[in-house]
Amino acid sequence: MAAKVEPFWKRKTLAQLDKEEWESLCDGCGLCCLQKLEDEEDGSVYYTRIACRLLDLQSCRCTDYSNRRASVPDCIELSVRDAAEFKWLPPTCAYRLVGEGKDLPLWHYLVCGDREQVHAERISQAGRMLAEGSVPEQEWEAHLIFRAG
C-alpha cells in the first residue's frame, strides 16, 4: 500500500510553492478584484460589489491577467513577500488560508475538482457585481458587501 501524499498546500508554505502551485491556489472568486474602501480611522477594509474594469462580471476572471498591471497600475499583485499582509483578503481566500496554516475549504476546486463550485456556493460575486464605470466613486459606499479581517 502506497503512502498517501499530503496535498501541496498542506505540506508547503507559501514561500515553498512553485509558480504553478501559487497560481493554482486562486479559486477564481474574483473578490480580490473588487473595489475596496479603507476606513481612515481604524484601517478596516470594506469590499464593494464594484468590480475592477478588467474583471469579467460573470466568470470572475481577469480579462487581461498577464497585462493587468499595464492597464490598471494600482492592481495589487499577490506575492509571498506580502503574505503577512493578506489579512485584507477575504477569509475564504486560499492565499490567506495557506498563509495562516489552514486547509482549503471543501468547495475549492483543488479539493473538489470543480472550478464552478466557488460560484455554486455563492463565495464569488458572479452575476452580482457592478461594472466599475457604472457607479460614481462617491457612491461606492452604498455598495459595501463585507469587511475584511
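The shown structure was predicted, so the numbers you read here are calculated from the model rather than taken from an experiment.

Asks: Even after reading the chapter, I still don't get the environment of alanine 15, so can you show me in this structure?
Replies: Within the secondary structure layout, alanine 15 lies in the loop between α1 (8–11) and α2 (19–24). The class for alanine 15 is exposed, based on a relative accessible area of 59%. With 64 residues separating them along the chain, alanine 15 and serine 79 place their C-alpha atoms 9.1 Å apart.

Asks: Got a minute to help me understand unusual backbone geometry in this structure?
Replies: For residues other than glycine, phi is negative in most cases, and the peptide bonds are mostly trans. The backbone phi angle of cysteine 60 is positive, close to 65 degrees, even though this residue is not glycine. Within the secondary structure layout, cysteine 60 lies in the loop between β2 (45–51) and α3 (68–71). Phi is positive for arginine 122, close to 60 degrees, though the residue is something other than glycine.

Asks: I'm lost on the nonpolar core in this one. Help?
Replies: Nonpolar side chains tend to gather and get buried jointly when the protein is soluble and globular. The biggest cluster of nonpolar side chains holds 28 residues, and the ones touching the most others in it are Leu25, Tyr47, Leu89 and Tyr95. Residue assignment for this core shows that the elements contributing at least two residues are α1, β2 and α4 (94–99). Setting aside residues up to four positions removed in sequence, leucine 25 forms contacts with Phe8, Trp9, Leu14, Leu17, Ala94, Tyr95, Val98, Leu104, His108 and Leu110.

Asks: Could you clarify how one ought to interpret the confidence of the model for the protein in this entry?
Replies: A low pLDDT means the predicted coordinates there should not be read in detail. The predicted model of the protein has a mean per-residue pLDDT of 93, with 97% of residues at 70 or higher. Averaged over each element, pLDDT in the protein is lowest for strand β4 (residues 144–147) (91) and highest for helix α5 (residues 109–112) (97).

Asks: Even after reading the chapter, I still don't get the packing of aromatic side chains, so can you show me in this structure?
Replies: Each pair of aromatic rings is reported with the distance of its centres and the angle of its planes. Here the structure, examined in full by the defined rule, presents three aromatic pairs. A centroid spacing of 4.7 Å and a plane angle of 45 degrees characterise the contact between tryptophan 22 and tyrosine 95, whose relative ring orientation is tilted. Placement of the pair is tryptophan 22 in helix α2 and tyrosine 95 in helix α4, with a sequence separation of 73 residues. Here tryptophan 22 and tyrosine 95 have matching classes, each one buried. With a centroid separation of 4.4 Å and an interplanar angle of 15 degrees, the aromatic rings of tyrosine 47 and phenylalanine 146 are classed as stacked. On the criterion of sequence distance, the pair formed by tyrosine 47 in strand β2 and phenylalanine 146 in strand β4 is long-range, its members being 99 residues apart.

Quick notes on the rules
- Residues numbered from 1 in each chain as written.
- Predicted model: local features only at pLDDT ≥ 70, side-chain atom pairs only at ≥ 80, totals over all residues.
- Heavy atoms only, no water.
- Helix = DSSP H or I, 4+ residues; strand = E, 2+ residues; numbered from the N terminus.
- Buried < 20%, exposed > 50% of the residue type's maximum accessible area, 1.4 Å probe, protein only.
- Core = buried A, V, L, I, M, F, W, Y, C linked by side-chain atoms within 4.5 Å.
- Contact = heavy atoms within 4.5 Å.
- pLDDT = per-residue confidence, 0-100.
- Phe/Tyr/Trp six-rings, centres within 6.5 Å; stacked < 30°, edge-to-face > 60°.

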